[in-house]
Amino acid sequence: MIKFPDNFLWGAAASAPQTEGHSLTDGKSATTWDEWFKRDPEKFNNGQGPQDTSNVYEMYKEDVENMPKVGLNSYRTSISWARLLPDGKTLNQEAVKFYRDYFQTMLDQNIEPIVNLFHFDMPWWLMEEGGWENRKSVDDFAFYAKTAFEQFGDLVKTWSTFNEPLVHIECGYLYQYHYPAIVDFKKAVQVGYHTLMAHVCAVREFRKSDLDGKVGIILNVLPAYSRSDSAEDIKAKEAADLLNTYSFLDPTVLGVIPEELISLLKENNLLPYVDASDKELIAENTVDYIGINYYQPRRVKAPVNSVKPAQMPSDLYETYDWPDKKINPYRGWEIYPKALYDVAMMMKDQYHNIPWFVSENGMGVADEQRFMGDDGMIDDQYRIDFMKEHLEWLHKGIEAGSNCFGYHVWTYVDCWSWLNGYRNRYGFYSVDLNNGFKRTVKKSGLWFKQLSDNNGF
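Here we summarise the structure given alongside this text.

Looking only at helices and strands, one finds 15 helices and 17 strands in the chain. Taking 23 Å as the expected radius of gyration for a compact globule of 457 residues, we find that the chain reaches 21 Å, a close match to that expectation. Taking the principal axes of its C-alpha atoms as reference, the chain extends roughly 60 × 50 × 45 Å. The burial tally for the chain puts 61% of its 457 residues in the buried class. Put simply, of all contacts in the chain between residues at least 6 apart along the chain, 77% involve residues at least 24 apart.

Written as C-alpha cells, this is what we have:
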C-alpha cells in the first residue's frame, strides 16, 4: 500500500476560458480567443470556439456537488480577467456575484478553491495595446490581481498568478498556436520578461493586501534529458533547462534570474528591456509555493545546423527522438512517469525544498465513446494506469524528502482546449455536447474517489 502525507490535496485543475462558456455574455468582454475565432474560425478543431466550452457558468453548482463523488478535496480554476474587469478598470458585478458563489459553493462542499489569475486568456482591449509586449501590461495585471484579492480574498486562501507562462510565450511568439501567432524570438523573450514582472508585481499586491493565505505560480516543467553525455549534448540540455525551467523557477523561488541565462540571451542578442528597479522587485517578491504541471519529458540533443545568434530555440537545442519511448498516440506525447521523481528531487535540492504540488497531470484520449460500456460509463483504465504510474514515482520523491503537498489531475469535466476544441478528452466526467452538456462519471473518477478516501492505493 502506498500512503501519501496527511492532508494531501487530491484534486483536479481547469480554467475559466476552457470551462465557463458564456464568453461574450454577462458583461464579459472579448479575449484573444474570442477575437481569433471570429477572424479565423477554420483554425479551430470542428469549428469549436470559446463561446460555449463546458457551460460551467451555468452548471457550477451541479459540478461542485459532484466533486466529492470522485474524491476531490481541492480544485484549481481561474478567474477570467475579461469577465471581472471588462475594460481593465470597471468591476463587473455579475462576475463578482458568479465567482463568489462558485467559490462559496466549493467551501460548502469542503473543497479548497485554488484560484489562478491568468490561463492564456489575454483581454482583447490589452492585446490591442500590444499585450505582454507592452510594459503597461505589468501594471494592468497588478491592478487586476489587487482587485481579485479584494473581491475574493476572504474566500480563497491559495492563489496563483499564472498558469504555464511559458505556453503563452512560446505558442504566441514562436510556434503560432496562440494569438498573435508570430515568430520572433526576441519578442518572445520580452513577452516572457514582462510576464515575469507582472507575476512579481501581483505577488507584491498580495503581500500589501495582508490577506490570510499564500500565493504561488503554476509552471509547466518538462525536465530535459540529453541524448548523450557529450559536451555538445550537455550544453543543449543546459540551454533547454535555462530557457524553459530555470527562467521562471529561479526568479519566483530564489529571487534571481540565473546569470547563465542572462549570458545565453546576451550571446544571442536576445536580452529584454528592463527597468532599473526590477532586480530588487524580483528579489523581494518570491512565492510561498510552486505548482508543477507535468505531462512529458524534453529529450534534447545538440543542434545540427544552428544559426548564431539564435533565431529559434532549435538553434540552441534540438528535440531528440528517444527510441525506447512509450507514447500517448492521441497527443503525440511521451509517457515517462520517472520524471516526476526527478522533479521532486530538483525541488528539494535546488529550490530549498519549497512546498510544491503536482498542479496538472493527465492523459488526453480521442474518441473515448469507443470505451463506453452498456451502463453508459467510459472504461478509461488507461487513465487509471497513467495516474498510478506517476503517483508511484511521486511517492518515491516524497519518501526521499521532497515537500509535495498534492496531486491535481487535468481535468474534472471534459473541457475545450484552444485550437484543439474537444478532440482529446481528459475529464473524470464526460461532457455530452449534443445533450445539454450532460455529465457522466468515468471509471477513473470512481478510482480517484478510492484513492482519495484511502490517501493512497
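Once you've had a look at it, read on.
This next bit is on the sheet that holds strand β8 (residues 298–301). Strand order in the open sheet formed by three strands is β6-β8-β9, and the pairing between neighbours is mixed. The sheet is open, and its two edges are formed by β6 (224–226) and β9 (318–319), each paired on a single side. Here two bridges tie β8 to β9, and the two strands are oriented antiparallel to one another. Looking at β9, one finds that Lys-301 is bridged to Glu-318. Against the sheet, helix α10 (residues 231–254) contacts β6 and β8, and its axis sits at roughly 135° relative to β8.

The subject of this paragraph is the packing of aromatic side chains. To describe a pair of aromatic rings, one takes the distance between the centres and the angle between the planes. Tallied over the entire structure, the rule returns 49 aromatic pairs. Judged by centre distance (6.1 Å) and plane angle (90°), the rings of Trp-33 and Trp-416 are edge-to-face. Here the residue Trp-33 occupies a position in helix α2 (residues 32–39), and Trp-416 occupies one in the loop between β14 (404–410) and β15 (424–425), the gap between them amounting to 383 residues. Relative accessible area serves as the criterion here: at 2%, Trp-33 is assigned to the buried category. Relative to Phe-448, the ring of Phe-428 has its centre 4.8 Å away and its plane inclined at 40°; by these criteria the two rings are tilted. Of this pair, Phe-428 sits in the loop between β15 and β16 (429–432) while Phe-448 sits in helix α15 (residues 443–454); the two residues are 20 residues apart in sequence, bridging distant segments of the chain. Note on Phe-448: relative accessible area 0%, which makes it buried. Taken together, Trp-33, Trp-36, Phe-37, Phe-44, Phe-120, Trp-124, Tyr-179, Trp-416 and Trp-418 form an aromatic cluster joined through their ring pairs.

On to the environment of Gly-421, then. Along the chain, Gly-421 falls in the loop between β14 and β15. Given a relative accessible area of 0%, Gly-421 falls into the buried group. Taking the C-alpha atoms as reference points, Gly-421 and Asn-45, 376 residues apart in sequence, are found 5.2 Å from one another. Not counting residues within four places of it along the chain, the set of residues in contact with Gly-421 comprises Asn-45, Gln-48, Cys-415 and Trp-416.

What follows covers α10. Helix length check: α10, at 24 residues, gives a terminal C-alpha distance of 28 Å against a target of 34 Å (1.5 Å per residue), a shortfall beyond 12%. Where α10 bends most, at Tyr-246, the angle is about 55°. Within α10, 17 of the 24 residues are buried, leaving the element largely enclosed by the surrounding structure. Following α10 by one or two positions, Gly-255 adopts a phi angle in the positive range, close to 80°.

Under the definition given, this model contains 31 salt bridges. Residue Glu-267 pairs with Lys-308 through a salt bridge whose shortest N-O separation is 3.6 Å. With Glu-267 in helix α11 (residues 259–267) and Lys-308 in the loop between β8 and β9, this pair connects stretches of sequence that are 41 residues apart. The network of salt bridges with shared partners includes Glu-368, Asp-380, Arg-383, Asp-414, Arg-425 and Lys-442.

On to the sheet that holds strand β4 (residues 158–163). Taken together, eight strands build a closed barrel; the order of strands is β1-β2-β3-β4-β5-β7-β12-β14 and the barrel is parallel. For this sheet the average axis-to-axis angle between neighbouring strands, irrespective of direction, equals 25°. Note: strand β2 (residues 74–78) against strand β3 (residues 112–118), five bridges, orientation parallel. Directly across from Tyr-75, in β3, lies its bridge partner Pro-113. Set on the sheet, helix α7 (residues 136–152) makes contact with β3 and β4; between it and β3 the angle comes to about 160°. Each of β1 (9–13), β12 (356–360) and β14 touches helix α14 (residues 381–399); the most contacted strand, β14, lies at about 165° to it.

Core analysis: the largest hydrophobic core is formed by 126 residues, its most contacted members being Trp-159, Ile-290 and Leu-394. Of the residues forming this core, the biggest block, 13 residues, is contributed by helix α9 (residues 185–209). Other than its neighbours up to four places away in sequence, Trp-159 contacts Ile-79, Val-115, Leu-117, Ala-148, Phe-149, Phe-152, Gly-153, Phe-206, Lys-214, Val-215, Gly-216 and Tyr-289. Trp-33, Trp-36, Phe-37 and Phe-44 belong to the second-largest nonpolar core, a separate cluster that totals 12 residues.

Here we take up the packing of α14 against α15. At their nearest, the axes of α14 and α15 sit 8 Å apart, and the two run at 35° to each other. When you trace α14 past α15, the crossing you get is right-handed. Note on element contacts: α15 touches α14 through Lys-443, Ser-444, Trp-447, Phe-448 and Leu-451, opposite Gln-381, Arg-383, Ile-384, Met-387, Lys-388 and Leu-391. For the contact of α14 with α15, the class distribution of residues is six nonpolar, two polar and three charged.

Once that is clear, we can look at the environment of Ser-160. Looking at where Ser-160 falls in the secondary structure, it is placed in strand β4. With 49 residues separating them in the primary sequence, Ser-160 and Ser-209 have C-alpha atoms 15 Å apart. Leaving out residues up to four positions away in the same chain, Ser-160 has contacts with Val-115, Asn-116, Leu-117, Gly-216, Ile-217, Ile-218 and Tyr-289.

Here we come to the pairing of β8. If a strand is regular, its side chains alternate between the two faces of the sheet. Neither face of β8 is left uncovered, since the one carrying Arg-298 and Val-300 and the one carrying Arg-299 and Lys-301 both have all their residues buried. Both β6 and β8 contribute to a ladder of three bridges, which runs parallel. Bridged to Ala-224 within β8 is Arg-298.

About the thresholds
- Residues numbered from 1 in each chain as written.
- Predicted model: local features only at pLDDT ≥ 70, side-chain atom pairs only at ≥ 80, totals over all residues.
- Heavy atoms only, no water.
- Helix = DSSP H or I, 4+ residues; strand = E, 2+ residues; numbered from the N terminus.
- Rg over C-alpha atoms; globule rule 2.2 N^0.38 Å.
- Buried < 20%, exposed > 50% of the residue type's maximum accessible area, 1.4 Å probe, protein only.
- Contact = heavy atoms within 4.5 Å.
- Pairing = 2+ DSSP bridges.
- Axes fitted to C-alpha atoms, helices over the stretch in contact; angles between N-to-C directions.
- Phe/Tyr/Trp six-rings, centres within 6.5 Å; stacked < 30°, edge-to-face > 60°.
- Expected span 1.5 Å × (residues − 1).
- Bend = angle between axes of the 7 residues up to and from the residue.
- Salt bridge = Lys/Arg side-chain N within 4 Å of Asp/Glu carboxyl O.
- Core = buried A, V, L, I, M, F, W, Y, C linked by side-chain atoms within 4.5 Å.
- Left-handed = near helix turned anticlockwise from the far one by under 90°.
- Nonpolar A, V, L, I, M, F, W, Y, C, P; charged D, E, K, R; others polar.

What is shown is where atoms sit, not what they do.
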